[in-house]
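What the coordinates show
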Amino acid sequence: MCKEITASSALNKLKRKIPYGWDLNIYRGCSHGCRYCYAIYSHGYMQKGSEDGFFSDIYVKKNIVDLLEKELKAESWQREVINIGGITDSYQPAEKKHKLMPEILKLMIRYKTPAIISTKSDLVLRDYDLIDQLSRITYINIAATITTADEELRKKIEPHSSPSAARVAVLKEFRKTNASIGMHMMPIIPLLADSSENFEKLFSEAADCGVDYLLPGVLYLRGKTRQAFFTFLEEEFPKEALRYRTLYRRGGADKEYKNRLYQVVNALRDKYNLSGSYMKPMREKLQQ
Ligand code: SF4
């Protein structure tokens, strides 16, 4: 269910530059339904503390385009990099109907503003021409977030997203533009999606697409996300749920596990000659 809301500002200034300084979220809530979603907490801001309904009650900022135009045309705007969809996916199913992203991209083009978009949806291909145009005038990064090459597992952990193969196809298409492209292997899900076969497949596909970088990151579990993920594990993967109790005594995975995992990941990075830095293409493009 989508509910329209009126926002008071479009851009959100981040406390730390990481390395971008601004976030733009056109939706609150996300119906991709990822079992490990880190953003469930954000519904609490919309609903007086209740984090329920993150996957089903989608808030649409109906005045976002007008607000953004006002902010981008202000003399004070420095054309810094904007992370579009830092909290929720801008190409989630609601975007098919609301079509806000084409208008946002037109503003990025008009005000020559660099941006980052990461998504789990091939709906981003609908806006190919606009992204292509933006890539010719400034930095735009298109990242596909891909956690598993196993389609059966993907349906369980990210039920309403695009199939992983379709996300790989997104990267291949955008390689034809001047955009920087990356694969976000995030989160790496211990015991479910940490096999060497899975990594080998994703790294080789990333290399095949000619990505500028591949960014891995291990699952982090806290708050509502932790509760939701454990409930999912107990229902679907009870054996693994038991092992998770030891692996995740805190928010982050056990240190030894992570060290072993990153050894494998780093070896594959060397094997496929893939960069782990999205800063490099950003710097190169912005210095031109
Ligand atoms: S795509 Fe991102 S925001 Fe949407 S449900 Fe998945 S993890 Fe959450």
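These lines cover the structure that appears in this document, whether it is placed above or below. Starting from 1, residues in each chain are numbered consecutively following that chain's sequence as written. With the structure being a predicted model, the display of local features is reserved for residues of pLDDT at least 70 and the display and counting of side-chain atom pairs for 80 or more, all residues being used for whole-chain, interface and lining totals.

1. What about the overall build of the protein?
When its secondary structure is counted, the protein shows twelve helices and ten strands. Values of the radius of gyration come from C-alpha atoms, whereas the globule rule sets the reference at 2.2 Å times the count of residues to the power 0.38. Relative to its length of 288 residues, the protein is compact, with a C-alpha radius of gyration of 19 Å against a globular reference of 19 Å. Projected onto its principal axes, the C-alpha coordinates of the protein cover approximately 55 × 45 × 30 Å. Partly exposed residues are those falling between the two cut-offs: more than 12 but fewer than 20 other C-beta atoms within 10 Å of their own, whereas 20 or more means buried and 12 or fewer means exposed, with C-beta atoms placed from the backbone. The buried share of the protein, taken over its 288 residues, is 38%. Here contacts are defined at the residue level, using C-beta atoms placed from the backbone and a cut-off of 7 Å between them. Look at the contacts in the protein between residues 6 or more apart in sequence, and 82% of them connect residues 24 or more apart. Starting at the N terminus, helices and strands are each numbered in turn, a helix being any DSSP run of H or I of at least four residues and a strand any DSSP run of E of at least two.

2. Considering the site of the ligand
What makes a residue near a molecule or strand is its C-beta atom, placed from the backbone, lying within 6 Å of it. Residues in contact with the ligand, as listed here, are Cys30, His32, Gly33, Cys34, Cys37, Ala39, Thr88, Asp89, Gln92 and Lys120. Residues were grouped as follows: Ala, Val, Leu, Ile, Met, Phe, Trp, Tyr, Cys and Pro as nonpolar; Asp, Glu, Lys and Arg as charged; and all remaining residues, including Gly, as polar. A class-by-class count of the residues in the shell around the ligand yields four nonpolar, four polar and two charged.

3. Some remarks on the pairing of strand β5 (residues 58–61)
In regular strands, side chains alternate between the two faces of the sheet. Two strands are said to pair when DSSP picks up at least two bridges between them. Pairing between strand β1 (residues 2–5) and β5: four bridges, direction parallel. Following the sheet pairing, Glu4 is matched in β5 by Val60. The pairing of strand β4 (residues 27–28) with β5 spans two bridges and is antiparallel. Within β5, the residue paired with Tyr27 across the bridge is Val60.

4. Some points on the nonpolar core
In terms of nonpolar packing, the biggest core is built from 70 residues, with Ala115, Ile142, Leu171, Met183, Leu202 and Val211 touching the most fellow members. Top element by residues in this core is helix α8 (residues 196–209). It accounts for five residues. Excluding its chain neighbours within four sequence positions, the residues that come into contact with Leu171 are Ala144, Ile181, Met183, Cys209 and Val211. The term nonpolar core means buried Ala, Val, Leu, Ile, Met, Phe, Trp, Tyr and Cys residues held together as one set by C-beta atoms within 7 Å.

5. What to know about the packing of helix α4 (residues 101–110) against helix α5 (residues 128–137)
All axes here are fitted lines through C-alpha atoms, helices being fitted over the stretch that makes contact, and every angle between N-to-C directions spans 0 to 180 degrees. α5 packs onto α4 with a crossing angle of 20° between their chain directions and a minimal axis gap of 9 Å. One element, α4, and the other, α5, form an angle in the roughly parallel class. Between α4 and α5 the crossing geometry is left-handed. In this structure, α4 contributes Pro102, Leu105, Lys106, Met108 and Ile109 to the contact, and α5 contributes Leu130, Ile131, Gln133, Leu134 and Ile137. Residues belonging to the contact of α4 with α5 are distributed by class as follows: eight nonpolar, one polar and one charged. Note that the term roughly parallel is reserved for angles under 35 degrees, roughly antiparallel for angles over 145, roughly perpendicular for angles of 65 to 115, and oblique for everything else. Handedness of each helix crossing follows the sense of rotation of the near helix against the far helix: counterclockwise by less than a right angle gives left-handed, clockwise gives right-handed.

6. Comments concerning the sheet that holds strand β10 (residues 213–218)
Pairing within the open sheet is mixed, and its seven strands lie in the order β2-β3-β6-β7-β8-β9-β10. Pairing within the sheet leaves two strands with one partner each, and these edge strands are β2 (11–13) and β10. Taking the axes of each pair of neighbouring strands and ignoring which way they run, one obtains an average angle of 25° across the sheet. The pairing of strand β9 (residues 180–188) with β10 spans five bridges and is classified as parallel. The partner of Met185 across the bridge, within β10, is Pro216. Across the sheet, helix α7 (residues 164–174) lies against β8 (140–145) and β9, angled at about 160° from β8, the strand it touches most.

7. Topic: unusual backbone geometry
The linkage connecting Met186 with the following residue, Pro187, adopts the cis geometry, with an omega of -5°. Relative to the elements of secondary structure, Pro187 occurs in strand β9. Phi at Arg79 is positive, roughly 55°, even though this residue is not glycine. Along the polypeptide, Arg79 turns up in the loop between α2 (64–73) and β6 (82–84). A count of 13 C-beta atoms within 10 Å places Arg79 in the partly exposed class. Positive phi is not limited to glycine here, since Lys99 has a value of about 50°. Relative to the elements of secondary structure, Lys99 occurs in the loop between α3 (94–98) and α4.

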